[in-house]
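# Structural overview for review
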Amino acid sequence: MTAEGHLLFALATAVAAKRYDLTPIISTADWWHLIPACLLTSLLPDIDHPKSLLGQRLRWISLPISRIVGHRGFTHSLIAVLIGVFLLLNKLPTNLFIPSDVIQGMVLGYLSHILADMLTPAGVPLLWPCRWRFRLPILPSSKHPQPERYFCIALLTFTVLTPESLTKQWITVGSQQMNQTWQQWSPLLWRFPR
Ligand SMILES: [Zn+2]
């Protein structure tokens, strides 16, 4: 996905996360904390590509990372998210205070990048160093940026304009359906020979 696509997708993710109360901290977050924090980290995973927007500006970091782990490797995995959260919570200078809504916004921005890349044919190695690639390729590769631009703009428009009550109703109905399906199928799963 292009940098423009990632920024739009991160914006849509931040709006959706706050409007639909993803976490108690995000639901009460200051927009001026949440949006910049989310945008700030939404391009960070592509530091592993020297030709990416961030990679071109920070080649001294980007080149070694791309040589060691390659593009869409370690930086696009859950382990990178966990290490990032650990560093944010434990390794910052004690005199540097970062509000919790900024920290959660940064994590959200990073996750939004990984999620957006999952929508492309190349997918992401979520469980790196395991080589499985997770994908739901509803978008073409970034060689054809037009469909992803329309998709991200539509997603952003949807998250901003859809009435909150309506979406919350869909989420409630969807989770009830999933629960019912789980209740019906889980006894069969336990009986499946292992
Ligand atoms: Zn990426």
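Under an unreviewed UniProt entry, the protein chain has the name Inner membrane protein and belongs to Rosenbergiella nectarea.

### What to know about the overall build of the protein chain
What the protein chain contains, in helices and strands, is nine helices and zero strands. N-terminal to C-terminal, the α/β element order of the protein chain is α-α-α-α-α-α-α-α-α. Judged by the C-alpha coordinates and their principal axes, the protein chain covers about 55 × 45 × 40 Å. For the protein chain, the proportion of its 194 residues judged to be buried stands at 25%. At a minimum sequence separation of 6, the contacts of the protein chain that also span at least 24 residues come to 63%.

### With respect to the environment of Leu111
Here Leu111 is to be found in helix α7 (residues 100–118). In this structure the C-alpha to C-alpha distance between Leu111 and Gly123, which are twelve residues apart in sequence, comes to 14 Å.

### Considerations on the environment of Val15
Looking at the secondary structure, you find Val15 in helix α1 (residues 3–19). For Val15, a count of 19 C-beta atoms within 10 Å corresponds to the partly exposed category. Each C-alpha atom of the pair Val15 and Leu34 lies 8.9 Å from the other, and the pair is 19 residues apart in sequence. Residues contacting Val15, with those up to four places away along its chain left out, are Thr159 and Val160.

### Points about the nonpolar core
In terms of nonpolar packing, the biggest core is built from 22 residues, with Phe9, Ala14, Leu34 and Cys38 touching the most fellow members. Apart from the residues lying within four places of it in its own chain, the contact partners of Phe9 are Ser112, Ala116, Cys152 and Leu155.

### Brief notes about the packing of α1 against helix α8 (residues 145–161)
Two elements in contact, α1 and α8, have axes separated by 9 Å at closest approach and are oriented at 20 degrees. On the basis of their axis angle, the class for α1 and α8 is roughly parallel. The hand of the α1/α8 crossing is left-handed. Where α1 abuts α8, its residues Glu4, Gly5, Leu8, Phe9, Leu11, Ala12, Val15, Ala16 and Arg19 lie against Pro145, Glu148, Arg149, Cys152, Ile153, Leu155, Leu156, Thr159 and Val160.

Parameters and conventions
- Once a new chain begins, its residue numbering starts again from 1 and follows that chain's sequence as written.
- With pLDDT at 70 or above as the cut-off, local features in this predicted model cover only qualifying residues; side-chain atom pairs require 80 or more to be listed or tallied, and sums for whole chains, interfaces and linings still use all residues.
- Each helix corresponds to a stretch of at least 4 residues labelled H or I by DSSP, and each strand to a stretch of at least 2 residues labelled E; elements are numbered beginning at the N terminus.
- To assign burial, the other C-beta atoms lying within 10 Å of each residue's own C-beta are counted, with C-beta atoms placed from the backbone; 20 or more indicates buried, 12 or fewer indicates exposed, and intermediate counts indicate partly exposed.
- The contact criterion used here is simple: two residues whose C-beta atoms, placed from the backbone, lie within 7 Å are in contact.
- Each nonpolar core comprises buried Ala, Val, Leu, Ile, Met, Phe, Trp, Tyr and Cys residues, the members being joined through C-beta atoms within 7 Å.
- Here, axes are lines fitted to C-alpha atoms. For helices the fit covers the stretch in contact, and angles between N-to-C directions go from 0 to 180 degrees.
- Working definition: roughly parallel below 35 degrees, roughly antiparallel above 145 degrees, roughly perpendicular at 65 to 115 degrees, and oblique for all remaining angles.
- Each crossing gets its handedness from the near helix: less than a right angle anticlockwise from the far helix is left-handed, clockwise is right-handed.

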